Amino acid sequence: MEPSCGSWPASIAAALLAAVVIVRLFFPRAWSLLGTRRRTGEARLPAGSLGLPLLGETPAFIFAAYSPRPESFVEKRSVLYGKVFKSHLWGSPAVVSTDPEVSRAVLQADASAFVPWYPQSLMELMGESSILVLGGGLQRRVHGLAGAFFKSPQLKAKVTADMQRRVVGRAMDAWWKSGGGASRVRVQDEAKSIVFEILVRALIGLDAGHEMQYLKKQFQEFMAGQEEDVKVDTKDHPREEDKDDLGGRRQAWARNSKRLDRRAAQQRERRAHDQLISDNMIDFMIPAEDSVPVLITLAVKYLSDCPQALQQLEEENMELKRRKSDKGETLEWTDYMSLTFTQHVITETLRLGNIINGIMRKAVRDVEVRGHLVPKGWRVLVYFRGVHLDAGVHEDPHAFNPWRWKDRADMAVSSSSGFTPFGGGQRLCPGVDLARLEASIFLHHLVTSFRWVAEEDTIVNFPTVRLKRGMPIAVTPKTT
Ligand code: HEM
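Residues numbered from 1 in each chain as written. Predicted model: local features only at pLDDT ≥ 70, side-chain atom pairs only at ≥ 80, totals over all residues.

The record held by UniProt for the chain lists under Cofactor (unreviewed entry) the comment "heme". (UniProt positions renumbered as here; feature names shortened; annotations may be inferred.)

Take a look at the structure:
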């Protein structure tokens, strides 16, 4: 029988039907990727391209990242596919989001939907008990403790006192003394060594660190309660001062092998606690070592390029300095944090500078995010930079304009859709206040004590954000 126009021969239709049934039955994952409409309600796999075989779109992403406009990678695809699109990055299929609401939903999702994803080498460096990779209840508890520690007024007061001593007493004093004329300073290097020292003192300065002892005790307590089967009986726990005597005690314990086993289990558990603490101290040092100095350096760069903002910042800080010295008072952390325009400068630096370009998560099951499907095992790239530099979210996004925050102070305080330099949801950076405080202290002493002329420098965005030449400036002490 001749096929009629518009109808297929029965044998072809039957073969197609059989193929569909086989793929659905035996290759469910392939089926899920073939179709866009899925079981999970109306969720669709976003449109996009998986790029080259094996390499995916990673070369295109890196190529853009090295250019002066890293966001061009997402901009081009947003035009074609929308603000949420599929791609293939760092060896895995991925959904990329530059949509503020979708990004917010991913950040707020818990470990039953998404877990953090970092390249293997970074995972190994951080360790499996690092707060950055922990999930579920344990992450929430470590996060709560870290937040309470970093936001405590005692820590802020200590950091302020230490930083004032370090910035004024050592760094800037050396600039004053280097020959009377202008000194050449690399802001990035100076900020790095200052911030690193301050955080090391705050985190592992056991000599003066009551907070550190407190944090360590808290970690030990909640870990002891975490796993019932290794619960520590505090009655049998050796006190710190008994530790030296442990060898002698062991002989006594040997008479009771059951008890000795229990003691060994406790010691193993203690080592696990120490591991947890030391792993997380390293994590806390990662942002200290890099993000805060970059924030300071970028602020100096943007201010150097915007004399009007520099002048207003200087006036605000000079006014504070005069007010405090008239009263014979020293500056407290609350003084720095109450400098409105200085905070706007920091907020705008965070928006424009995108110190953390984005974060990656991995879907632990098929997840539906505001109508978009993220299949199990896929990554999600929440690309902060794409949102921060989106003209639909921030007017004239490539301009450094601290005044834009005048009527949007609420948006800048912590995380809101459209502004997420510190992430959001359960993993919102606990160091947010500390980062702002340290940047404010540095800027205050720089603008109230010195004038500077900046040399040419360019911002590099990959693999991490930094100034190519370290932001050299020629500083001259102010005479008034
Ligand atoms: C400009 C400075 C900083 C920026 C831009 C920044 C950015 C971020 C971002 C985006 C996250 C979220 C990561 C994720 O969702 O997976 C984060 C998490 C974190 N940050 Fe920061 N950070 C800064 C400074 C600091 C400081 C000063 C500290 C502490 C000394 C700190 C400690 C942490 C910790 C412990 C986490 C992990 C929180 C968790 O997973 O529960 N950060 N930071």
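More follows now that the structure is in view.
Our next topic: the overall build of the chain. Looking only at helices and strands, the chain has 19 helices and twelve strands in total. The contacts in the chain between residues at least 6 apart in sequence include a share of 74% that link residues at least 24 apart. (Helix = DSSP H or I, 4+ residues; strand = E, 2+ residues; numbered from the N terminus. Contact = placed C-beta atoms within 7 Å.)

With 82 residues, the main nonpolar core has Leu295, Ile296, Ala299, Val380 and Ala439 as its most contacted residues. Sequence-distant contacts of Ile296, that is, excluding residues within four places in its chain, are made with Val187, Ala191, Ala439 and Phe442. (Core = buried A, V, L, I, M, F, W, Y, C linked by C-beta atoms within 7 Å. Buried ≥ 20, exposed ≤ 12 C-beta atoms within 10 Å, placed from the backbone.)

Of note, Gln108 is situated in helix α5 (residues 100-108). Expressed as a C-alpha distance, the spacing of Gln108 and Pro430, which sit 322 residues apart in the sequence, is 15 Å. When residues no more than four places from it in sequence are discounted, the contact partners of Gln108 are Gly424 and Gly425.

Now for the UniProt feature "coiled-coil region" (unreviewed entry) in the chain. In the UniProt entry, the feature "coiled-coil region" (unreviewed entry) is given for residues 303-330. Summarising residues 303-330: 79% helix, 0% strand, and an end-to-end C-alpha distance of 26 Å.

UniProt feature "binding site: heme" (unreviewed entry): in the numbering of this structure it lies at Cys429. Within the secondary structure, Cys429 is located in the loop between α18 (409-413) and α19 (432-449). Judged by local crowding, Cys429 falls into the buried class, with 22 C-beta atoms found within 10 Å. Not counting chain neighbours up to four residues away, the residues in contact with Cys429 comprise Phe422 and Gly423.

So, on to the sheet that holds strand β5 (residues 359-363). Sheet strands pair by backbone hydrogen bonding; their relative direction is either parallel or antiparallel. On the basis of which strands lie adjacent, the open sheet formed by five strands has the order β1-β2-β8-β5-β3 and mixed pairing. Of all strands in the sheet, those with a lone pairing partner are β1 (84-89) and β3 (114-116), marking the two edges. Direction aside, neighbouring strands of the sheet carry axes that sit 35 degrees apart on average. As paired strands, β5 and strand β8 (residues 379-382) are joined by four bridges and run antiparallel to one another. Bridge pairing links Met360 to Leu381 in β8. Here α5 sits on the sheet in contact with β1, β2 (92-97), β3, β5 and β8, set at roughly 120 degrees to β8. (Pairing = 2+ DSSP bridges. Axes fitted to C-alpha atoms, helices over the stretch in contact; angles between N-to-C directions.)

Of note, the amide linkage connecting Phe462 to Pro463 takes the cis form, showing an omega dihedral of -5 degrees. The backbone of Asn354 shows a phi angle near 45 degrees, a positive value even though the residue is not glycine.

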